Amino acid sequence: MNAKLHAVTDQNGRPLSFFMTTAQISDYTGAAALLDSLPAAQWMLGYRGYDANWFRDALEEKGIKPCIPGRKSRGKPVKYDKRKYKRRNRIEIMFERLKDWRCVATRYDRCPTVFFSAICLAATVIFWL
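Every value quoted in this text rests on a predicted model; they were computed, and no experiment measured them.

Draft legend 1. Quick look at the overall build of the chain. Summing up its helical and strand segments, the chain has 6 helices and 4 strands in all. Going residue by residue from the N terminus, the α and β elements of the chain occur as β-β-α-β-α-β-α-α-α-α. In terms of overall dimensions, the chain has C-alpha extents of about 45 × 30 × 25 Å along its principal axes. Within the span of the chain, comprising 129 residues, buried residues form 37% of the whole. Pairs at least 24 residues apart make up 40% of the contacts formed inside the chain by residues separated by at least 6 positions. Roughly 8200 Å² of accessible area belongs to the chain as shown, and the carbon and sulfur atoms make up 54% of that amount. Side chains of the chain give 23 positive and 12 negative charges; the mean places of these two sets differ by 6 Å.

See below:
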């Protein structure tokens, strides 16, 4: 079973919440699930998979400025702050630190609940202790 892990982090790259979907599910599902758990922030970084007008509108309703580049298939390019977007590497570093845990990187557990629990445990140990 393949899985996608969607995460909300703070400005330092520490995870605040997770949502896991199967690999065949669109990224919009993860975005919709994590929308309510977003903390108060000035702006949000996201990769191209989260580029949707409804998601941008929902972020702006919460008072958050989206910093998400447009998809390649988008007809009209979307403006975003490229300097702020370079800070997205903190999110990638967070995922790589989670993969330092062997059980997360190799996905020994086939049960999604056990795998998600291992991710949460690894995040707690790495970032909060």
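Draft legend 2. Representation of the UniProt feature "domain: Transposase IS4-like" (unreviewed entry) in the chain in the model. With numbering matched to this structure, UniProt assigns "domain: Transposase IS4-like" (unreviewed entry) to residues 4–110. For residues 4–110, the end-to-end C-alpha separation is 14 Å, with 33% helix and 19% strand making up the annotated structure.

Draft legend 3. Structural context of the pairing of strand β2 (residues 15–22). Two strands pair when backbone bridges link them, and strand β1 (residues 3–9) and β2 are joined in this way by 7 bridges, in the antiparallel orientation. Directly across from leucine 5, in β2, lies its bridge partner methionine 20. Between β1 and β2, which pair antiparallel in sequence order, lie 5 residues; one of them, glycine 13, sits at a positive phi of approximately 90°.

Draft legend 4. Structural context of the pattern of salt bridges. This model, assessed by the stated rule, comprises 5 salt bridges. Measuring nitrogen to oxygen at the nearest pair gives 2.9 Å for the salt bridge that ties aspartate 10 to arginine 14. Judged by relative accessible area, aspartate 10 falls into the buried class, the value being 15%. On the basis of relative accessibility, which here comes to 30%, the residue arginine 14 falls in the partly exposed class. Put simply, aspartate 51 and arginine 56 hold a salt bridge, and the shortest N to O gap is 3.0 Å. One exposure class covers both aspartate 51 and arginine 56, and it is buried.

Draft legend 5. Molecular detail of the side chain of arginine 56. Its location among the elements puts arginine 56 in helix α2 (residues 53–61). Of the polar contacts made by the side chain of arginine 56, one reaches the side chain of aspartate 51; its length is 3.0 Å.

Quick notes on the rules
Residues numbered from 1 in each chain as written. Predicted model: local features only at pLDDT ≥ 70, side-chain atom pairs only at ≥ 80, totals over all residues. Heavy atoms only, no water. Helix = DSSP H or I, 4+ residues; strand = E, 2+ residues; numbered from the N terminus. Buried < 20%, exposed > 50% of the residue type's maximum accessible area, 1.4 Å probe, protein only. Contact = heavy atoms within 4.5 Å. Areas by Shrake-Rupley, 256 points an atom, 1.4 Å probe, with all protein chains shown as cover. Lys, Arg positive; Asp, Glu negative; His and termini not counted. Charge placed at Lys NZ, Arg CZ, Asp CG, Glu CD. UniProt positions renumbered as here; feature names shortened; annotations may be inferred. Pairing = 2+ DSSP bridges. Salt bridge = Lys/Arg side-chain N within 4 Å of Asp/Glu carboxyl O. Polar contact = N/O pair within 3.5 Å; in protein donor to acceptor, adjacent residues only side chain to side chain.

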